[in-house]
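Residue-level listing of the chains:
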Amino acid sequence: MKITLIAIGTRMPAWVIAGFKEYQQRMPQVCALELHEIAALKRGKNADIPRILRDEAAAISAAVPKGAQIIALDRKGKHIDTDMLATQMQGWIDNSQDVAIIIGGPEGLERDFMTKANRLWSLSALTFAHPVVRVMLAEQLYRAWSINANLPYHRGD
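Note that the coordinates shown come from a computational prediction; the quantities given were computed from them, not determined experimentally.

## Things to note about the overall build of the chain
Point 1. Counting its secondary structure elements, the chain contains 5 helices and 5 strands.
Point 2. Listed by position from the N terminus, the elements making up the chain come as β-α-β-α-β-α-β-α-β-α.
Point 3. Computed over the C-alpha atoms, the radius of gyration of the chain is 15 Å, within 12% of the 15 Å expected from 2.2 N^0.38 for a compact globule of 157 residues.
Point 4. Dimensions along the principal axes, computed over C-alpha positions, put the chain at roughly 50 × 30 × 30 Å.
Point 5. When burial is assessed residue by residue, the chain has 44% of its 157 residues classed as buried.
Point 6. Partitioning the contacts of the chain with sequence separation of at least 6, the portion at a separation of at least 24 is 83%.
Point 7. Accessible area of the chain: about 8,700 Å², with a carbon and sulfur share of 51%.
Point 8. In the chain, which carries 19 positive and 16 negative side-chain charges, the distance between the mean positions of the two groups comes to 5 Å.

## Topic: the pairing of strand 1 (residues 2–8)
Point 1. Of all the 7 residues making up strand 1, 6 are buried; the element is thus mostly covered by neighbouring parts of the structure.
Point 2. As paired strands, strand 1 and strand 2 (residues 32–38) are joined by 7 bridges and run parallel to one another. Across the sheet, the residue bridging to Leu 5 is Leu 35, located in strand 2.
Point 3. In this view, the connection linking strand 1 to its parallel neighbour strand 2 by way of helix 1 (residues 14–26) has right-handed handedness.
Point 4. When strand 1 meets strand 4 (residues 99–103), the two strands line up parallel, connected through 5 bridges. Within the sheet, the bridge partner assigned to Thr 4 lies in strand 4 and is Ala 100.

## Some words on the side chain of Glu 110
Point 1. In this structure, Glu 110 sits in the loop between strand 4 and helix 4 (111–116).
Point 2. The contacts of Glu 110, once residues within four sequence positions are left out, are Leu 53, Arg 54 and Ala 57.

## A look at the side chain of Thr 4
Point 1. Along the polypeptide, Thr 4 turns up in strand 1.
Point 2. Under the relative-accessibility criterion, Thr 4 is labelled buried at 5%.
Point 3. When sequence neighbours within four positions are dropped, the list of residues in contact with Thr 4 reads Glu 34, His 36, Pro 65, Val 99, Ala 100 and Ile 101.

## Examining the environment of Leu 33
Point 1. Relative to the elements of secondary structure, Leu 33 occurs in strand 2.
Point 2. A residue is classified by how much of its surface remains accessible, and Leu 33, at 5% relative accessible area, is buried.
Point 3. Note: C-alpha distance between Leu 33 and Lys 21 (12 residues apart in sequence) is 9.5 Å.

## Quick word on helix 5 (residues 130–148)
What sets the pattern is the α-helix's 3.6 residues per turn: residues three or four places apart point alike.
Point 1. The end-to-end C-alpha distance of helix 5 is 27 Å, a good match for the 27 Å that 19 residues give at a rise of 1.5 Å each.
Point 2. Of the positions making up helix 5, those classed as buried are Val 133, Arg 134, Val 135, Leu 137, Ala 138, Glu 139, Leu 141, Tyr 142, Arg 143, Ala 144, Trp 145 and Ser 146.
Point 3. The inward-facing, buried residues of helix 5 contact strand 1, helix 1, strand 2, strand 3 (69–79), helix 3 (82–94) and strand 4.
Point 4. Looking at the residues trailing helix 5, positive phi occurs at Asn 150, about 60°.

## So, the environment of Thr 82
Point 1. Counting through the fold element by element, Thr 82 comes out in helix 3.
Point 2. A sequence separation of 19 residues divides Thr 82 from Ile 101, and the C-alpha atoms of the two residues are 16 Å apart.
Point 3. Side chain to side chain, Thr 82 and Gln 140 meet in a polar contact 2.7 Å long.

## Remarks on unusual backbone geometry
Residues other than glycine predominantly adopt negative phi, and peptide bonds predominantly adopt the trans conformation.
Point 1. Phi at Arg 11 takes a positive value of approximately 55°, unusual for a residue other than glycine.
Point 2. Within the secondary structure, Arg 11 sits in the loop between strand 1 and helix 1.
Point 3. The phi angle at Asn 150 is positive, at roughly 60°, despite the residue not being glycine.

Definitions and limits used
Numbers given to residues run from 1 along each chain, matching the order in which its sequence is written. Given that the model is predicted, a residue must reach a pLDDT of at least 70 before its local features are reported, and side-chain atom pairs must reach 80 or more before they are shown or counted; all residues, however, enter totals for whole chains, interfaces and linings. Only hydrogens and water are set aside when side-chain values are computed; all heavy atoms of the structure are taken into account. Under the scheme used here, helices are H or I runs from DSSP no shorter than 4 residues and strands are E runs no shorter than 2 residues, and both carry numbers assigned from the N terminus. The size measure is the radius of gyration over C-alpha atoms, and the globule rule it meets is 2.2 Å times the number of residues to the 0.38 power. The rule is simple: take the accessible area with a 1.4 Å probe, protein chains only, and divide by the maximum for that residue type; under 20% is buried, over 50% is exposed, in between is partly exposed. Throughout, a contact is declared for two residues whenever any of their heavy atoms are within 4.5 Å. Reported accessibility uses the Shrake-Rupley method at a 1.4 Å probe radius. Residues are deemed covered only where the shown protein chains occlude them. Just so you know, the count uses Lys and Arg for positive and Asp and Glu for negative, and it drops His and the chain ends. Here the site of a charge means atom NZ of a Lys, CZ of an Arg, CG of an Asp or CD of a Glu. Two strands qualify as a pair provided that DSSP identifies no fewer than 2 bridges between them. Crossovers are described as right-handed under a simple rule: with the strands pointing away from the observer, the path leading from the first strand over the helix to the second runs clockwise. In a helix, the anticipated span is given by 1.5 Å times the number of residues less one. Definition of a polar contact: a pair of N or O atoms within 3.5 Å, with one able to donate and the other able to accept a hydrogen when the atoms are protein atoms, and with sequence-neighbouring residues admitted only if both atoms are side-chain atoms.

Shape descriptors only; they carry no functional weight alone.
See below:
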């Protein structure tokens, strides 16, 4: 199974690239983590935001691997914790289910796209910068795998 993180935005700061790669490299082949970046469309003073969101949604849809379960991140999505993520991940592995996790741009994701997602997740009630979310999500995916593999990385209760 493969986890594809599809994110709006390119040209991330070096610390984001390094942080993501650190956890990406720790992931085992059984649940490999890949990143697919999509360039954010230009937003100006009079930008047509609905059109931008539609165009970005089309690019995201084209990047989703065939047959992958789509999980869109949204602040109004279902709150998940690390144990829930570990359980979910084990199900993906057991069923050889590829997964695409979507991080939107500054305005989030187009509403129509979110209705097509299999799940909507919220990482927190807080709002995070999109580059930070990449690193946080990669770390949490590694943590979930380490729980399932009985590794000492996770020392929670």
